[in-house]
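Residue strings, one per chain:
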Amino acid sequence: MISPAAQLVINDQQTQKYRTLLELSKVITSHHDLSELFHELACGLEHLFPFRDLAVMLHDERRNVMRSYIMEGCAVARWVGKESTEVSVDDSINGHVWKTQTPLCIDNLDEDFRFPAAQIIRDGGIKSVCCIPLSTVHQRLGTLNLWSEEIGAYRDFDIDFAQLVAGQIAVAVEAQFQREQIARDRDRSQLLLQVNNSLVSNLNLRELLSAISLALSPVMPHEAAALTLHDVPSNELRVAAFDFPEDDGNCVTGRVVPFEGNPIGEAFTTRKTVLIDYSQSDDPRVACSGFASGCASPLIFRDRVLGVLAIKTRREHAFSPEDGELFEQVAKQVAIAVENALAYNEI
């Protein structure tokens, strides 16, 4: 039987926990910057939860990996400047918890080797972990992680309370995503308007491509853009305009683009937008310029494919299907301008 004094201590602890939960709700509503929010959370929760670092891993649906979103510690900024880390859904603690939607605590990572991806935090001195699903009523976002240098830190852990905290954090992350989506929608609408204005004021294709590339950069950052047109008499794709400020003349050696084995040719022949992974290409021009990914969309006017609009970047996997849909809208506008330029013999 629990003594009155012991019961009082338990009650005080429970009261403190729910006060913390209330304060957490206030902190979340007062922050729009998640980096600042999580730093404050790390400092506010460390007297309740045993951890050295707190981390949020989110599921990347497009690539089906778990990616680090926020990694925080209160006293020491160990993760500042660190690049985002990706781990496999199948080989990681985070992937397992995200799939099963069930919390998982491990007493000693040095004795548990079920998840190969855990070697990353094992190398960082972490001995025990507690991983909790990060979900809302709308979606499964990812996981909340508590990492400790102490063995068995989560042996007597109040997992139910931790899940309440995770629920609050999930709401904050989802709200941030919604704000970012609203901002993207606004930027994309402004982009289409800016592109339309560029089309009206430019009949010269080289100037047109430069203006389009400049308008695209804030929404779809890239280092190079190309406009390729179909030459009907020779039945060849030829580069009509190229916008690559860093080009020293060594990378682009030919002006004819093959139909086969090339994403530009693929976009032309299939009449579909192509998201490009240049790591799969053997083209020496790609190798010398160092491009990693790109996007190409056909220029279709009155059911005729005039050519292809393409952008390239040195960032890997830079463009999403959503980006591809936007780029396709831009290409539809550009196709009208290209037809007008061809009609006025401005190329």
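For the structure itself, consult the block above.
Computed from a prediction, not measured in an experiment: that's the story for all the values here.

Undergrad: What's the story with the sheet that holds strand β3 (residues 86-88) in this structure? I'm lost.
TA: By definition, the strands of a sheet pair up through backbone hydrogen bonds, in either a parallel or an antiparallel sense. Taken together, six strands build an open sheet; the order of strands is β3-β2-β1-β6-β5-β4 and the sheet is antiparallel. Whereas interior strands pair on both sides, the edge strands pair on one side only; in this sheet they are β3 and β4 (104-106). Neighbour-to-neighbour, the strand axes of the sheet open up by a mean angle of 25 degrees, direction not taken into account. In this structure, β4 lies alongside strand β5 (residues 128-135), joined through three bridges in antiparallel fashion. Looking at the pairing, L104 lines up with C131 of β5. Strands in contact with helix α2 (residues 34-45) are β1 (53-60) and β2 (65-72); relative to β2, the strand with the most contacts, it is inclined by about 65 degrees. Strands in contact with helix α3 (residues 93-100) are β1, β2, β4, β5 and β6 (140-148); relative to β6, the strand with the most contacts, it is inclined by about 135 degrees.

Undergrad: How should the pairing of strand β7 (residues 224-231) be read in this particular structure?
TA: A regular strand carries its side chains on alternate faces of the sheet. In terms of residue burial, β7 counts as a mostly covered element, since six of its eight residues are buried. Looking at chain direction, β7 and strand β12 (residues 304-313) are connected through six bridges and run antiparallel. Within β12, the position partnered with T228 by the bridge is V308. Pairing geometry for β7 and strand β8 (residues 236-243), over seven bridges, is antiparallel. Residue pairing in the sheet places D231 in a bridge with E236 of β8.

Undergrad: It is not clear to me how unusual backbone geometry should be interpreted in this structure. Could you clarify?
TA: Trans is the prevailing form of peptide bonds, just as negative phi is the prevailing case for residues other than glycine. Residues other than glycine seldom take positive phi values, yet N235 does so here, at roughly 50 degrees. Note on placement: N235 falls in the loop between β7 and β8. A positive phi is found at D303, a non-glycine position, where the angle reads about 65 degrees. Here D303 is to be found in the loop between β11 (293-301) and β12. With relative accessibility at 59%, the residue D303 sits in the exposed group.

Undergrad: Can you walk me through the state of the cysteines in this structure?
TA: What the rule picks out here adds up to one disulfide. There is a disulfide in this structure between C105 and C130, and the S-S distance comes to 2.3 Å. With C105 in strand β4 and C130 in strand β5, the pair connects residues that are 25 residues apart, well separated along the chain. What makes C130 buried here is its relative accessible area of 0%. Free of any disulfide, C131 has its nearest neighbouring cysteine sulfur in C130, separated by 7.6 Å.

Undergrad: Which parts of the structure should I look at to understand the pattern of salt bridges?
TA: Taken as a whole and assessed by the stated rule, the structure comprises 14 salt bridges. With its nearest N and O atoms 2.6 Å apart, the salt bridge here joins R188 to D323. In this pair, R188 is assigned in helix α5 (residues 159-201) and D323 in helix α9 (residues 321-343), connecting sequence segments 135 residues apart. Accessibility assignment for this pair places R188 and D323 in one class, buried. Among the ionic pairs, R238 bridges to E236, the shortest N-O distance being 2.6 Å. Judged by its relative accessible area of 37%, R238 is partly exposed. One network of salt bridges, in which partners are shared, links D60, R63, R67 and E86.

Undergrad: Even after reading the chapter, I still don't get the sheet that holds strand β9 (residues 256-257), so can you show me in this structure?
TA: Spatially, the six strands line up as an open sheet ordered β9-β8-β7-β12-β11-β10, and their pairing is antiparallel. Looking along the sheet, the strands with just one partner apiece sit at the ends: β9 and β10 (274-277). Alignment of β10 against β11, held across four bridges, turns out to be antiparallel. By the bridge assignment for β11, L275 is matched with C295. Running at roughly 145 degrees to β12, helix α7 (residues 263-270) makes contact with β7, β8, β9, β10, β11 and β12 of the sheet. Across the sheet, α9 is in contact with β7, β10, β11 and β12; its angle to β11 comes to roughly 45 degrees.

Criteria and cut-off values
- Position numbers for residues count from 1 along each chain, tracking the sequence in the order it is written.
- Local features in a predicted model are, by the rule used here, given only for residues with pLDDT of at least 70; side-chain atom pairs are given and counted only at 80 or more, and totals for whole chains, interfaces and linings are based on all residues.
- Hydrogens are left out, water is left out, and the side-chain values use all remaining heavy atoms of the structure.
- Pairing between two strands is assigned when DSSP locates at least 2 bridges connecting them.
- The way it works is that DSSP assigns letters per residue, a run of H or I at least four long becomes a helix, a run of E at least two long becomes a strand, and they are numbered from the N terminus.
- To obtain each axis, a line is fitted to C-alpha atoms, and for helices this fit is confined to the stretch in contact; angles are then taken between N-to-C directions over 0 to 180 degrees.
- Contacts were defined at the residue level, with two residues in contact if any of their heavy atoms lie within 4.5 Å.
- Relative accessibility decides the category of a residue: with a 1.4 Å probe and only protein chains considered, values under 20% of the type maximum give buried, values over 50% give exposed, and everything between is partly exposed.
- By definition, disulfides here are pairs of cysteine sulfur atoms that lie within 2.5 Å.
- Salt-bridge detection follows one rule: a side-chain nitrogen of Lys or Arg within 4 Å of a carboxyl oxygen of Asp or Glu.

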